[in-house]
Each structure stands twice: as structure tokens, then as C-alpha cells.
There are 2 protein chains.
Amino acid sequence: MVEHSPAFLDAVFHALADSTRRSMLHRLAQGEQSVSELAEPFAMSLAGASKHVKVLEKAGLVRRRIAGRMHYCRLEAARLAEAQAWLRYYERFWTRRLDTLEALLEAEDQAASEGENPKG
Amino acid sequence: MVEHSPAFLDAVFHALADSTRRSMLHRLAQGEQSVSELAEPFAMSLAGASKHVKVLEKAGLVRRRIAGRMHYCRLEAARLAEAQAWLRYYERFWTRRLDTLEALLEAEDQAASEGENPKG
DNA sequence: GGAATGCTCAACCATATGGTTTACAATAGA
DNA sequence: TCTATTGTAAACCATATGGTTGAGCATTCC
């Protein structure tokens, strides 16, 4: 839980450490896009954009489906979930104040549900 | 909300894209550590480790307190929270009900690529 | 004062990264 | 069949990165 396969997280975080690639992911959130569609917003050669797509693909953030000469890309969100899981470990450092509140609320929930819903 | 100051996220994700630095953050989660304490677990010169600390510091993930010749570092979790905020945008892609929807999308993919590539 | 400690800085090196251009392969369309 | 489109691959370039060593600055300790 603590380590999360280092090489894997290296690739994911590295892929995210570039605004061009983050923009591409953002567009992919709207749905499948071809490589040239992904490249279109950027002042960059198609070959350059294609390299970015490859970085995303190698990090497992994008899946490619080849149909004829078109390469359609789609978001592979599971890998983002794993990055978030890594970050989640640190959540307690910025939600500390909420923790006490939450503990309190949970204690209340517990007390309230003890009579009604024993399973929780 | 969508863009999150690109250069800032560049620095944060880049800082996280290295297992040495992630380990350092993990140790800092236990509490304040000096630079040489942070360096100790790694087969690396102190100067090398010091560079990693600087990367973390520049990304705003670590705050340094100088006391005499000692440099004490502590976790600055707020910046991690911002990285997580960026990731949260994509949460819907892994937390939605996958079963029926995903099956549907994959069936569409299948049908689509069969139609586009009749030659096989 | 003198020596050891903690740390940074500067110079250097090998490799990675982000971009380009050119060439090419495959597919689609006239 | 000829041509345009989509995309990758290769070669190249400038800069960034991750590491080293050695020098040096404060600080602490004897």
C-alpha cells in the first residue's frame, strides 16, 4: 500500500507533469479522439503531439484503438485512480481538522443507527 | 478549475515522478526530518539527496526551516491537495457504474471497428 | 582556536525529454 | 491507379534531469 509499484507511479506522474498531456487527457474526458484531433489545439507538429500520446499510452493513461489509418484514443481512468490512491495517503495532512469533525459525526451515526439499522 | 495553473502542476507532478522523492515525502509524513536524515536511506551522496529536497521545496511540497547548520524539512500538504483536486476531475470515470455503461461502450466499439475494417 | 559536521554550490557527465524535420507505410478516396 | 490523409519512425538538436566529486561556508564541539 505504501509503495505502489514505483516504476508505475514514475510513469504516471511523469505523464501528468506536462500541460500539453494534461490538456489531452482533458479532451479525452469528452470522449474518444483521434491523434490528429488531439494534436489540433497545439502549436506543434503532428509528430510532436504523437510523442505525447505515446507517453500517455505507456503510462497506461490512454488506450489506443486502431481503425484503418485512424488511431482513436480513449481515457484509461483506472491509472489515474491509482495516482489518486497514492495521494490519498497524505489526505490526513490537509483534512486533519475535518477528521475530528468526521469522527464526531460518525460517532453520532453509530449511536443513531444502533437502534434502527444494526448492519450499518 | 479546469486548468489549475499549468506551471504549478508541472512542478508538483514532476516532483512526484521520482521514487526517491516520493519516499522522502513518505518519511516526512512521520514528521520533520533534517536533510541528512532524509538522505540516509538512499545509496546516494548527500549532495544528490539535497537536490531532491530542493525539487520538492520548489514544487511547494516541502517547507524548510533552518536552525544553525541544520535544515529541517516538513511536509507541505496543501500542494498535494491541489494535485488531488486536479485528479478529482477524472473521478467520475472510475466511480460511475461501470457494468452496463462500459459493456455498452465496448459493444459499440466492437461494432464500430467491425464496420470500419471489413477486410479484417 | 581547531576540527568535525551539515549542508549547499559549482562543475561536470550521461542520459532523458520535448521539440523539429524528413522519410515512409498504410489507408481512403478521386 | 494516383493522390491525399493519418500516423509512426528516425535522425537530430537544445535543454533538463539525476547523479557524481570537490570546494567552501556556517555551525557546533573539544
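Just above sits the structure.
Figured I'd write up the structure that's included with this text. In this text the structure is predicted, and so the values were computed from the model without any measurement.

### As for the relation of the copies chain A and chain B
- When chain A is fitted to chain B, the residual RMSD is 0.0 Å, and the transformation amounts to a turn of 180° plus an axial shift of 0.0 Å. A rotation of that kind, with that shift, is consistent with a two-fold axis.
- The fraction of interface residues of chain A whose copies in chain B are also interface residues reaches 84%, indicating that both copies meet through the same surface.

### Considerations on the pattern of salt bridges
- Under the defined criterion, the tally for this structure stands at 12 salt bridges over all chains.
- Between R22(A) and D10(B) there is a salt bridge; the shortest N-O distance is 2.9 Å. Of this pair, R22(A) sits in helix α2 (residues 19–28) while D10(B) sits in helix α1 (residues 6–16), placing the two residues on different chains.

### Comments concerning the protein's contact with DNA strand D
- Near DNA strand D lie 22 residues; those nearest to it are S36(A), S50(A), R64(A), K51(B) and H52(B).
- Sugar and phosphate atoms constitute 70% of the interface atoms of DNA strand D, taking the interface as everything within 4 Å of the protein.
- Measuring from a phosphate oxygen of DNA strand D, one finds a backbone N or O atom of V35(A) at 3.3 Å.
- In this structure, R69(B) approaches DNA strand D through a side-chain N or O atom, which is 2.9 Å from a base oxygen.

### Thoughts on the interface of chain A and chain B
- Opposite the 38 residues of chain A that make contact, chain B presents 37 residues.
- Between the two partners, chain A and chain B, sit 2 salt bridges.
- At the boundary of chain A with chain B, the tally comes to 10 residue pairs in polar contact (both at pLDDT 80 or more).
- Only α1 (6–16), α2, β2 (62–67), β3 (70–75) and α5 (77–88) of chain A provide two or more residues apiece to the side of chain A that touches chain B.
- For the side of chain A that touches chain B, the element with the highest residue contribution is α5(A), accounting for 8 residues.
- When its residues are assigned to classes, the side of chain A that touches chain B shows 21 nonpolar, 6 polar and 11 charged.

### Description of the sheet that holds β2(A)
Residue and element names in this part refer to chain A.
- A sheet is described by the order of its strands in space; here 3 strands give the open sequence β1-β3-β2, paired in antiparallel fashion. Looking at which strands have only one partner, the edges of the open sheet turn out to be β1 (33–34) and β2.
- Of the pairings in the sheet, the one linking β1 to β3 comprises 2 bridges and is antiparallel in character. The residue of β3 that forms the bridge with S34 is Y72.
- Sitting on the sheet, helix α4 (residues 46–58) is in contact with β2 and β3, with an inclination near 120° to β2.

### Side note on the side chain of T20(B)
- Summarising the element assignment, T20(B) is placed in helix α2 (residues 19–28).
- A residue is classified by how much of its surface remains accessible, and T20(B), at 14% relative accessible area, is buried.

### A closer look at the protein's contact with DNA strand C
- Around DNA strand C there are 24 residues in total, and K51(A), H52(A), S36(B), S50(B) and R64(B) lie nearest to it.
- In this structure, a phosphate oxygen belonging to DNA strand C sits 2.2 Å away from a side-chain N or O atom of S36(B).
- One nitrogen or oxygen atom from the side chain of R69(B) is found 2.6 Å from a base oxygen belonging to DNA strand C.
- Looking at the surface near DNA strand C, the elements that each hand over two or more residues are α4 of chain A together with α3 (35–39), α4 (46–58) and β3 (70–75) of chain B.
- Among the elements that take part in the surface near DNA strand C, α4(B) stands out by supplying 5 residues, more than any other.
- In the surface near DNA strand C, the residues fall into 7 nonpolar, 9 polar and 8 charged.

Rules and cut-offs
Residues numbered from 1 in each chain as written. Chains lettered and ligands numbered in written order. Predicted model: local features only at pLDDT ≥ 70, side-chain atom pairs only at ≥ 80, totals over all residues. Heavy atoms only, no water. Least-squares fit on C-alpha atoms with pLDDT ≥ 70 in both. Contact = heavy atoms within 4.5 Å. Salt bridge = Lys/Arg side-chain N within 4 Å of Asp/Glu carboxyl O. Helix = DSSP H or I, 4+ residues; strand = E, 2+ residues; numbered from the N terminus. Near = heavy atom within 4 Å. Polar contact = N/O pair within 3.5 Å; in protein donor to acceptor, adjacent residues only side chain to side chain. Nonpolar A, V, L, I, M, F, W, Y, C, P; charged D, E, K, R; others polar. Pairing = 2+ DSSP bridges. Axes fitted to C-alpha atoms, helices over the stretch in contact; angles between N-to-C directions. Buried < 20%, exposed > 50% of the residue type's maximum accessible area, 1.4 Å probe, protein only.

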